[in-house]
Amino acid sequence: MSFKVLICDKVHEKCAEILRKAGFEVEVKDEISAEELKNIIKNFDCIILRGKTKLTSDILEDCGRLKIVVRAGIGLDNIDVRKAEEKGVKVYNTGEATAQSVAELTFGLILAVARKIPYADSSVKRGEWIKSKLTGIILSGKTLGVIGFGRIGSRVAKIGKAFGMKVIVYDILFRENGKLAKAKLKEALEEGFRVALNLEELLTEADVITIHVPLTGDTRMLIGEREFNLMRKKPILVNTSRGGIVDEDALYKALIEGKISGVGLDVYSEEPPKNLKILNHPHVVCTPHIGAETFEAKEAAAIEAAKKVLEFTGCMVEEN
Ligand code: NAD
């Protein structure tokens, strides 16, 4: 029986191309309902998907010959990983492929909020010339607080340094003693970043705070009312990680009460967001979860996803 792959969520066509060339039977369904997926999942050895299709416990319950799931991207929160493992299904993501893309968008949002760029743009297009209402802040010399010093956070920290910012980084890993923790700590110190040993220290001192942690049971609502109350410098807050990590009600309250000066959002607890009051605030810049939405990142994630399948099945991985 041939190895059958189902590709969902508009993964770049390079993925199917590589796998077909390697002799796999590939079916592409850019849009698939939960019901259809539940009915056909058992016919496939592999599923490759992005963030839209949800692999819930219910769908995975009767997954027949399924052996491997690859997320062409980073976050695994649309996949019930525990259920997959229980069913003997391996789950992978494509870590590096999209990291630079997300890091650059993050900085784009920081600049957009700091200099009110979207508001300035729309005012000129409306025929206005309101320079004094558009006074912003300089980033150089300010303190950038990076929560989560992984693939994306470490890149954002380096961009901040290039902008002349002082950088404070906090990662839960820094409290551990393993090889990865030591390597990350060494990297941060060699870059000249200050390492915060707790989140509170970063929240108190940063002028710009940016979040780069995965959404897990531990990080859900990581930034809520208590954390906003610790922010002494009325920082700009940017979230390009996952919506559930910031308490959106507390975020709105913090902005209205002047505890933070501006917000950049690429992710929301519900996507697309519905009736989210904060979106109408003039100091908020928002994008529709486009962190990884670059031509380069989509192609790289598709190639990396195909390679994961080739490696899993023991096929030779050819470069290019
Ligand atoms: P990563 O795994 O490389 O890094 C995450 C880091 O967060 C790790 O170093 C981990 O130790 C740290 N961490 C975990 N829990 C923490 C906590 N409670 N406090 C402090 N640090 C903690 O992940 P990454 O590739 O850098 O991705 C980061 C986030 O970006 C993920 O949530 C991912 O879903 C999101 N993402 C968003 C987009 C987008 O389109 N906006 C695209 C890709 C990834």
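Conventions we followed
- Residues numbered from 1 in each chain as written.
- Predicted model: local features only at pLDDT ≥ 70, side-chain atom pairs only at ≥ 80, totals over all residues.
- Heavy atoms only, no water.
- 1 Å grid on protein atoms, 1.4 Å probe; cavity = no way out; pocket = protein on both sides within 12 Å on 5 of 7 lines; lining within 4 Å.
- Points joined across faces, edges and corners; volume = space filled by probe spheres on them.
- Helix = DSSP H or I, 4+ residues; strand = E, 2+ residues; numbered from the N terminus.
- Nonpolar A, V, L, I, M, F, W, Y, C, P; charged D, E, K, R; others polar.
- Near = heavy atom within 4 Å.
- Polar contact = N/O pair within 3.5 Å; in protein donor to acceptor, adjacent residues only side chain to side chain.
- Buried < 20%, exposed > 50% of the residue type's maximum accessible area, 1.4 Å probe, protein only.
- Pairing = 2+ DSSP bridges.
- Right-handed = clockwise from strand over helix to strand, strands pointing away.
- Axes fitted to C-alpha atoms, helices over the stretch in contact; angles between N-to-C directions.
- Contact = heavy atoms within 4.5 Å.
- Parallel < 35°, antiparallel > 145°, perpendicular 65-115°, else oblique.
- Left-handed = near helix turned anticlockwise from the far one by under 90°.

Undergrad: What exactly am I supposed to notice about empty space enclosed by the protein here?
TA: Rolled over the atoms, a probe as big as a water molecule pinpoints where empty space is left. Counted by the stated rule, this structure contains one cavity of 30 Å³ or more. The computed volume of the largest cavity comes to approximately 40 Å³. In terms of lining residues, the largest cavity is bounded by Glu-225, Phe-228, Asn-229, Ala-250, Lys-253, Ala-254, Glu-257 and Lys-259. For the lining of the largest cavity, the secondary structure elements donating two or more residues are helix 10 (225–230) and helix 11 (248–256). Its residues assigned to classes, the lining of the largest cavity comprises three nonpolar, one polar and four charged.

Undergrad: When you look at the site of the ligand in this model, what are you seeing that I'm missing?
TA: Arg-151, Ile-152, Asp-171, Val-213 and Asp-266 are the nearest of the 24 residues found near the ligand. One of the backbone N or O atoms of Ile-152 is found 2.9 Å from an oxygen atom in the ligand. In this structure, His-289 approaches the ligand through a side-chain N or O atom, which is 3.3 Å from an oxygen atom. Across the shell around the ligand, the residue classes break down as 11 nonpolar, nine polar and four charged.

Undergrad: Before we go on, may I ask you to explain the pairing of strand 6 (residues 143–147) in this structure?
TA: The side chains of a regular strand alternate between the sheet's two faces. In terms of burial, strand 6 is largely enclosed, as five of its five residues are buried. The alternating pattern of strand 6 places Thr-143, Gly-145 and Ile-147 on one face and Leu-144 and Val-146 on the opposite face, and all of these are buried. Relative to strand 7 (residues 166–170), strand 6 runs parallel, the two being bridged by five bridges. Along strand 7, the bridge assignment pairs Thr-143 with Lys-166. Note that the unit made of strand 6, helix 7 (residues 151–162) and strand 7 has a crossover that is right-handed. Taken together, the four bridges between strand 6 and strand 9 (residues 208–211) define a ladder with parallel strand orientation. Note on strand 9: the bridge partner recorded for Leu-144 is Val-208.

Undergrad: Sorry, what's going on with the pairing of strand 10 (residues 236–239) here?
TA: On strand 10, burial covers both faces: Ile-236 and Val-238 on one face and Leu-237 and Asn-239 on the other are all buried. The pairing of strand 9 with strand 10 spans four bridges and is parallel. Residue pairing across strands places Thr-210 opposite Val-238, the latter belonging to strand 10. Once you follow strand 9 into helix 10 and on to strand 10, the crossover reads as right-handed.

Undergrad: Explanation requested: the sheet that holds strand 2 (residues 25–29) in the structure shown.
TA: Across a sheet, paired strands are connected by hydrogen bonds in the backbone, their directions being either parallel or antiparallel. Ordered by their spatial adjacency, five strands build an open sheet running 2-1-3-4-5, and the pairing between neighbours is parallel. Strands at the two margins of the open sheet, each flanked by one partner only, are strand 2 and strand 5 (90–93). Taken pair by pair, the neighbouring strands of this sheet meet at an average axis angle of 15 degrees, ignoring direction. Two strands pair when backbone bridges link them, and strand 4 (residues 68–71) and strand 5 are joined in this way by four bridges, in the parallel orientation. Looking at the pairing, Ile-68 lines up with Lys-90 of strand 5. Docked against the sheet, helix 12 (residues 295–312) engages strand 3 (46–49), strand 4 and strand 5, running at close to 160 degrees with respect to strand 4.

Undergrad: Sorry if this is basic, but what is going on with the side chain of Ser-101 here?
TA: As for its position among the elements, Ser-101 is in helix 5 (residues 99–114). Setting aside its immediate chain neighbours within four residues, Ser-101 contacts Gly-291, Ala-292, Glu-293, Thr-294 and Ala-297.

Undergrad: What's the story with the packing of helix 1 (residues 14–21) against helix 12 in this structure? I'm lost.
TA: Two numbers describe how helix 1 lies on helix 12: the axes approach to 8 Å, and their chain directions differ by 30 degrees. Here helix 12 runs roughly parallel to helix 1, going by the angle between their axes. Seen along the crossing, helix 1 lies across helix 12 with a hand that is right-handed. Contact residues: helix 1 offers Lys-14, Cys-15, Ile-18 and Leu-19, while helix 12 offers Glu-299, Ala-302, Ile-303, Ala-305, Ala-306, Val-309 and Leu-310. A per-class count over the contact of helix 1 with helix 12 returns nine nonpolar, no polar and two charged.

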